[in-house]
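Structural characterization, general
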Amino acid sequence: WGSTGPGDGQFQDISGLVLDADGNVYVADIAHDTVQKFDPDGTLLLTIGSPGTQPGQLGNPSYPTIDRDGNLVVAEFGNNRISAFAPDGTFRSSFGSTGGGPGEFNEANGVASMLTD
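What comes next concerns the included structure. (Residues numbered from 1 in each chain as written. Predicted model: local features only at pLDDT ≥ 70, side-chain atom pairs only at ≥ 80, totals over all residues. Heavy atoms only, no water.)

1. Some words on the pairing of strand E2 (residues 25-29)
Among the five residues that make up E2, five are buried, leaving the element largely enclosed by the rest of the structure. Residues of E2 alternate between two faces, with Val25, Val27 and Asp29 on one and Tyr26 and Ala28 on the opposite face, all of them buried. Sheet analysis places strand E1 (residues 14-19) next to E2, joined by five bridges and oriented antiparallel. Counted as the bridge partner of leucine 17 is valine 27 from E2. Counted between consecutive antiparallel strands, the loop separating E1 from E2 contains five residues, among which glycine 23 sits at a positive phi close to 85°. Strand direction decides the pairing type here: E2 and strand E3 (residues 34-38), joined by five bridges, are antiparallel. The residue bridging valine 25 from the neighbouring strand is phenylalanine 38, located in E3. (Buried < 20%, exposed > 50% of the residue type's maximum accessible area, 1.4 Å probe, protein only. Helix = DSSP H or I, 4+ residues; strand = E, 2+ residues; numbered from the N terminus. Pairing = 2+ DSSP bridges.)

Coordinates in, geometry out; function isn't part of it.
Right under this line is the structure:
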């Protein structure tokens, strides 16, 4: 799906994707500073984030994952933090800052989720 470009359903620099339990596909794009959510047939459902450093904005999102509650969790390479969004795209929380100490990141580049029953 998609094509190269700046619009909805288009991609510039894909930096990871993940599927949720319903088969929806979340595609992170570091050039657009967004994550786009598609249904299993490729229809764009929503765009999560926008460029920036404020809560709910993204800075070079990469390698997202889905947690056990269906939340999108994404590393932000450009903002040196981890952010979480509800399945409807609502911002939930973030943590981290630039540095090498506890709770700090230097170019956060991915997250993983271990889902168990």
